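# Tertiary structure, described
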Amino acid sequence: MLRNGRDELNMATYPLGAMLRHCPVQVEKKLDREGKAQEVIYSKRVDLNRWDSKQKKMVPASIKVSTSSPDGFPSQEDEENLLTLLCLSATSGQLSSQKLRYNREDLLALQSMTDGGKNYASHQRTVERYHEARFEFFNAWFDSEVREYLKEFSIRFISEKGSQRKKPGQKDPACFLTWSPSFHQILQSSNLKLLRLDDLFQLPKGATRYAHRFLDKRFCRGRFPEVSLPLEELARHCGLSLSQHPRKLKQTMHRVLEELSRRGFISSFVFEPIMQRGKRVKGKWRAIIRKGREESSPEAISETEATAEMPSAEGLVKRWHHIFRHLEIYRPKRGETEIAQEILERHGPERAEQIVAHSSVVLKEKWSGAANFRAVMDYLPLIIESLEKK
C-alpha cells in the first residue's frame, strides 16, 4: 500500500517543517469594539529566493503560516503524517471524494506502527494543526494549469474534522476529515505525483527525507535522470540552515546524498566548483546527482508506460541542434539541458516539442548564427507568438 503514496509538488519543494523551526513567531491581536482581545493570531514567515525563468534571475518569494496556537505550526512529522493521509485516500478509493473516513488501525498500519495512544495522538495533532493553519504563498506557489507561479495564493488543507466513539465490534471508520475545496481541487489536478512512502519512511528523519521528496519530484518518474543545481539551493530544499560554513554545509549534504546512494535511490553524485569567467568561486559548488534504480509498483508502471514516449530534456537539445544546425551527433551541455527542462516543466512535453521544431523559423530570421540551445529561451515569447499564428 505504501508504494501508492501521493505527494503534492509544491509541498515537496518547500521543507516547511524545517524552515518554520528557525523563524520567529509574530503575534497579532484582533480587538473588538471595546478594545478587548477577541482573537490572537500567531504567524511565521519564511523569506526565500527562487529562480524566475522569465526574468532569468533570482526573485524574492515568501511563505506565511498563521494559526491560533503558538505551537500549532506543522513540523516534519506533521508533513509526513499528511502524506500518510493522502496515501490512505488513494489506497481506499477515496481520493476523488472531499471527505476521508478512516480509523486508527488503517492509519497506523500504513507506517507499521502499533495501535498505541502516542502514535495515534500524533496523527490527531497533525489533523488539528492543518485544520487551524492557513498557508499564504507569495510568488512561491506553482500552478500547473496556468504553468506559472502565482503572485499570491492562500490555502487551508483541512476544513472540517471529527470523530465518533467506536463501539465494541464496530467496523465503520471512527474518524473523518474534509479537505478544503482548494486543496481537494489540487488533489484532482496534475500537481499530484506518485511517491513510495515505504522508501521514504525507511530513511533517517530530517534532511535525508526532504532530499528524497525533492529529488523524486525533480527526477519526474525517470524522465530527467540527472539533477544539477547549486549546493546552497539543494541544501535549502533539504531544510538545512545556510548560515553554516560552506565547507560544513557540503559535508552535511555529502552524508545525506551518500545515504540515498546506499539505498539505491541515486546512482552517483559529485560536487563541482562553480566557475565564473574562468575562475573558481570560493565556497561555491554545484551538485550533480544521477537517478538510481527504479522498482515500479503496478500503478507506477502504468504511468511509466503512458510517459514512455515523452521527450527528455537532453532529447530536446539534441533535436534542436539537428534541426537548426544540422548536427547528426551532439553532446548537450549542462546549461542547455537545464533550460530544456524548464521549458518541459512550464509548457509540457507536447508543447515543448512544437516549440523546438518551430524555433528554427524564428531564429533563422533573428539569430541565424545561434549555436546554443539558450537561444530558444531568449526568443521563447516570439517563438510561441509565431507558433500560435500558424
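For the structure, see preceding data.
Note that the coordinates shown come from a computational prediction; the quantities given were computed from them, not determined experimentally.

Conventions adopted
Residues numbered from 1 in each chain as written. Predicted model: local features only at pLDDT ≥ 70, side-chain atom pairs only at ≥ 80, totals over all residues. Heavy atoms only, no water. Pairing = 2+ DSSP bridges. Helix = DSSP H or I, 4+ residues; strand = E, 2+ residues; numbered from the N terminus. Axes fitted to C-alpha atoms, helices over the stretch in contact; angles between N-to-C directions. Parallel < 35°, antiparallel > 145°, perpendicular 65-115°, else oblique. Contact = heavy atoms within 4.5 Å. Nonpolar A, V, L, I, M, F, W, Y, C, P; charged D, E, K, R; others polar. Buried < 20%, exposed > 50% of the residue type's maximum accessible area, 1.4 Å probe, protein only. Lys, Arg positive; Asp, Glu negative; His and termini not counted. Salt bridge = Lys/Arg side-chain N within 4 Å of Asp/Glu carboxyl O. Polar contact = N/O pair within 3.5 Å; in protein donor to acceptor, adjacent residues only side chain to side chain. Expected span 1.5 Å × (residues − 1). Arc of directions from axis to C-beta.

## What to know about the sheet that holds strand β13 (residues 279–291)
Spatially, three strands are ordered β11-β13-β12 in an open sheet, and the strand pairing comes out antiparallel. Looking at which strands have only one partner, the edges of the open sheet turn out to be β11 (226–230) and β12 (266–276). Ignoring strand direction, the axes of neighbouring strands in this sheet form an average angle of 25°. Two strands pair when backbone bridges link them, and β12 and β13 are joined in this way by nine bridges, in the antiparallel orientation.

## Some points on the packing of helix α12 (residues 313–325) against helix α13 (residues 334–347)
For the pair α12 and α13, interaxial distance at closest approach is 8 Å and the crossing angle is 110°. The orientation of α12 relative to α13 falls into the category roughly perpendicular. When α12 is examined against α13, the residues Ala313, Glu314, Leu316, Val317 and His321 are found in contact with a partner set consisting of Glu336, Thr337, Ala340, Gln341 and Leu344. Here the contact of α12 with α13 is built from residues that sort into five nonpolar, three polar and two charged.

## Topic: the sheet that holds strand β8 (residues 158–163)
Read across the sheet, three strands follow the order β5-β9-β8 without closing on themselves; strand pairing throughout is antiparallel. Each having just a single partner strand, β5 (99–102) and β8 make up the two edges of the open sheet. Across the sheet, the axes of successive neighbouring strands diverge by a mean angle of 15°, strand direction being ignored. The pairing of β8 with strand β9 (residues 175–179) spans five bridges and is antiparallel. What sits directly across from Lys161, in β9, is Leu177. The strands touched by helix α3 (residues 76–91) are β5 and β9; relative to β9, the strand with the most contacts, the crossing angle is about 95°.

## Here we look at the side chain of Lys44
In this fold, Lys44 is placed in strand β3 (residues 37–52). Here Lys44 occupies a buried position and makes no salt bridge, while the nearest side chain of opposite charge, Asp71, is found at 10 Å. A distance of 3.0 Å separates the side chain of Lys44 from the backbone oxygen of Leu20, its partner in a polar contact.

## What about α12?
Here α12 contains 13 residues, and its C-alpha end-to-end distance of 18 Å stays within 8% of the 18 Å for a straight helix at 1.5 Å per residue. Within α12 the residues assigned to the buried category are Ala313, Leu316, Val317, Trp320, His321 and Phe324. All buried residues of α12 fall inside an arc of 135° around its axis, so they share one side. Turning to α12, the residues buried within the fold contact α13, α14 (349–366) and α15 (374–378). Residue His326 follows α12 closely and has a positive phi angle near 60°.

## Focus on the environment of Arg147
Inspection of the secondary structure assignment puts Arg147 in the loop between β6 (134–143) and β7 (148–155). Measuring from C-alpha to C-alpha, the distance between Arg147 and Arg346 comes to 5.3 Å, with 199 residues separating the pair along the chain. Not counting the four nearest positions on each side in its chain, Arg147 is found in contact with Phe142, Leu344, Glu345, Arg346, His347 and Gly348.

## A look at the pairing of β6
Bridging between strand β4 (residues 57–67) and β6 involves five bridges; their strand directions are antiparallel. Across the sheet, Ser62 pairs through a bridge with Phe138, a residue of β6. Strand direction decides the pairing type here: β6 and β7, joined by seven bridges, are antiparallel. Note that in β7 the partner of Phe142 across the bridge is Tyr149.

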